[in-house]
Amino acid sequence: MKPPLHYAVVGAGIAGLSCARALADAGVQVTVFDKSRGPAGRMSTRRGEGWACDHGAQYFTARDPLFQAELARWQAAGVAARWQPRLAVVDADGRRAGGSEEARYVGTPRMTAPARLVADGLGLRVQTTVSALHAYEHGWELATVERGVLAEAFDGVLLATPAPQAVPLLQPVSPALAAVAAGARMQGCWALMLRFEVPLALDFDAAFVNHGPLRWIARDTSKPGREGMETWTLHASAAWSEAHLEDGPDQIAAALIAAFCELGGAAPLAWAAHRWRYAITDSGVEGGCVWHGGAGLGLCGDWLNGGRVEGAWLSGHALAQKVLASVRDELRPGLVQA
């Protein structure tokens, strides 16, 4: 009997997990690889003694019916809830109440919680950096930084990494897909996590900032399910982050804390900085993903679907459907959903 199909998904952010979940639910064996210590990608939370702070994705919205259904599952499981912050908009002319009335959601008790729910039961290998792809008659083999070439072969490889990280993996095996990834524009973002002994006396919980180095500030402890010390997240603008991408954390912290104080904030008890080298994108392709069935190679991620958490999840789900459509005859009857 022919062994079951086995696919490798590289990247355990919400796009890769969405793709892997849909494939696994349809009867495909899936192994997910990620270089980090756990799943979630940019739906990330930094934790310390008595504090936690979301320093990646700050919230997400749900417009597409498919993602609305997934969000309902998350809410029912207690890993997502609506966040209703007091919102402000700050520009060169001053500060005003602002923000659309669109519902905003966050993971609970941390932003990583939905990803961990989606990952539950999947074959997940963390702290495994895929460094090369090799195609043979018996399938694909993966080389890794930590363990060399892995023993198993895969029927296909689905990349759910930032576009710039996909390019060197694809160039030797599929110049066409490498060109797709190379054409995406992704910009960096400096994030700063601030901790305070007492809550700040500010009359807003989050603000879109349209001048200076900052783009977004948020009282993380205003989100549902959060406990511990008062924490704020500062995100620098894409333009400022790109201009200062190689600066040291001390330089970044000094500039962003000064800008925060100008908005009514204060110097923190402690801070931590994180550089997202590939964070911001507004690119996309038709269908939100790319699948080359003949080669068994696919791409998914927010950079293929206009950014955002919702775009990432939909991209992964769409890629899984393309894979399933192409291998339908090789799966056991009744496992593939219409």
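The structure contained in this document is the topic of the report that follows. (Residues numbered from 1 in each chain as written. Predicted model: local features only at pLDDT ≥ 70, side-chain atom pairs only at ≥ 80, totals over all residues. Heavy atoms only, no water.)

1. Quick look at the sheet that holds strand β10 (residues 130-136)
Stated precisely, the cut-off is as follows: One requirement defines pairing of two strands: DSSP has to find at least two bridges between them. Secondary structure follows DSSP: runs of H or I at least 4 residues long count as helices, runs of E at least 2 residues long count as strands, and numbering of each begins at the N terminus.
Spatially, three strands are ordered β10-β11-β12 in an open sheet, and the strand pairing comes out antiparallel. Whereas interior strands pair on both sides, the edge strands pair on one side only; in this sheet they are β10 and β12 (148-149). In the sheet, β10 pairs with strand β11 (residues 139-144) via six bridges, with the strands oriented antiparallel. The residue of β11 that forms the bridge with valine 130 is threonine 144.

2. A few points about the packing of helix α4 (residues 163-170) against helix α5 (residues 175-182)
Our working rule: Angles here are taken between N-to-C directions and fall from 0 to 180 degrees, while the axes themselves are lines fitted to C-alpha atoms, restricted in helices to the stretch in contact. Comment on the angle field: the value is read as roughly parallel under 35 degrees, roughly antiparallel over 145, roughly perpendicular from 65 to 115, and oblique elsewhere. The sense of a crossing depends on the near helix, which, turned anticlockwise from the far helix by less than a right angle, makes the crossing left-handed and, turned clockwise, makes it right-handed. Any two residues whose heavy atoms approach within 4.5 Å at even a single point are treated as in contact.
Close contact between α4 and α5 brings their axes to 8 Å; oriented N to C, the two are set at 160°. In terms of their interaxial angle, α4 and α5 are classed as roughly antiparallel. With respect to the hand of their crossing, α4 and α5 are arranged in left-handed fashion. Across the interface between the two elements, Ala163, Ala166, Val167 and Leu170 from α4 touch Pro175, Leu177, Ala178, Ala181 and Ala182 from α5.

3. Here we look at the packing of aromatic side chains
Both the distance between ring centres and the angle between the ring planes are used here to describe each pair of aromatic rings. Spelled out, the test is: Stacked, tilted and edge-to-face are the three classes applied to pairs of Phe, Tyr and Trp rings, where Trp contributes its six-membered ring and a pair requires centres within 6.5 Å; stacked means planes under 30 degrees apart, edge-to-face means over 60, and tilted covers the rest. Burial classes: relative accessible area under 20% of the type maximum marks a residue as buried, over 50% as exposed, and values in between as partly exposed (1.4 Å probe, protein chains only). Note on geometry: a ring has a charge over it if NZ (lysine) or CZ (arginine) is within 6 Å of the ring centre and within 35 degrees of the ring normal.
Applying the stated criterion across every chain yields a total of 14 aromatic pairs. With a centroid separation of 6.3 Å and 25° between ring planes, the pair formed by phenylalanine 60 and tyrosine 105 is classed as stacked. Here phenylalanine 60 is found in the loop between β4 (51-54) and α2 (65-77), whereas its partner tyrosine 105 is found in strand β8 (residues 104-107), with 45 residues between them in sequence. Phenylalanine 60 sits in the buried class, given a relative accessible area of 2%. Geometrically, the ring pair formed by phenylalanine 67 and tryptophan 74 is edge-to-face, given 5.5 Å between the ring centres and 85° between the ring planes. With a relative accessible area of 0%, phenylalanine 67 lands in the buried category. In this structure an aromatic cluster arises from ring pairing among Phe60, Phe67, Trp74, Tyr105 and Trp313. Positioned over the ring face of tyrosine 59 is arginine 104, at 5.2 Å from the centre of the ring. Sitting over the face of the ring of tryptophan 83, lysine 223 holds its NZ or CZ atom 5.2 Å from the ring centroid.

4. Let's talk about the environment of alanine 20
As for its placement among the helices and strands, alanine 20 is situated in helix α1 (residues 14-25). Of the residues examined, alanine 20 reaches a relative accessible area of 0% and is grouped as buried. Put simply, alanine 20 and alanine 181 are 161 residues apart on the chain and 20 Å apart in space, counted from C-alpha to C-alpha. Those residues in contact with alanine 20, other than ones at most four positions away along the chain, are Val9, Val30, Val32 and Leu122.

5. Quick notes on the pattern of salt bridges
Using the following cut-off: Each salt bridge in this description consists of a side-chain nitrogen of Lys or Arg and a carboxyl oxygen of Asp or Glu lying within 4 Å of one another.
This structure, assessed with the given rule, holds 15 salt bridges. Across the pair arginine 42 and aspartate 302 runs a salt bridge, and its minimum N-O distance is 2.3 Å. In this pair, arginine 42 sits in the loop between β2 (29-33) and β3 (45-48) while aspartate 302 sits in the loop between β20 (297-299) and α8 (309-327), placing the two residues 260 residues apart along the sequence. Its relative accessible area of 22% is what places arginine 42 among the partly exposed residues. Judged by relative accessible area, which is 11%, aspartate 302 ranks as buried. Arginine 96 serves as the salt-bridge partner of aspartate 91, at 2.7 Å between the closest nitrogen and oxygen.

6. Some remarks on the side chain of serine 18
This is how the line gets drawn: A 3.5 Å cut-off defines polar contacts: any pair of N or O atoms within that distance qualifies, except that in protein one atom must be a possible hydrogen donor and the other a possible acceptor, and neighbouring residues in sequence count only when both atoms are side-chain atoms.
Mapped onto the elements, serine 18 comes out in helix α1. On the accessibility criterion, serine 18 (3% relative accessible area) is buried. A distance of 3.2 Å separates the side chain of serine 18 from the backbone nitrogen of histidine 317, its partner in a polar contact. Each residue touching serine 18, except ones within four places of it in the same chain, is listed here: Val118, Trp313, Gly316 and His317.

What is shown is where atoms sit, not what they do.
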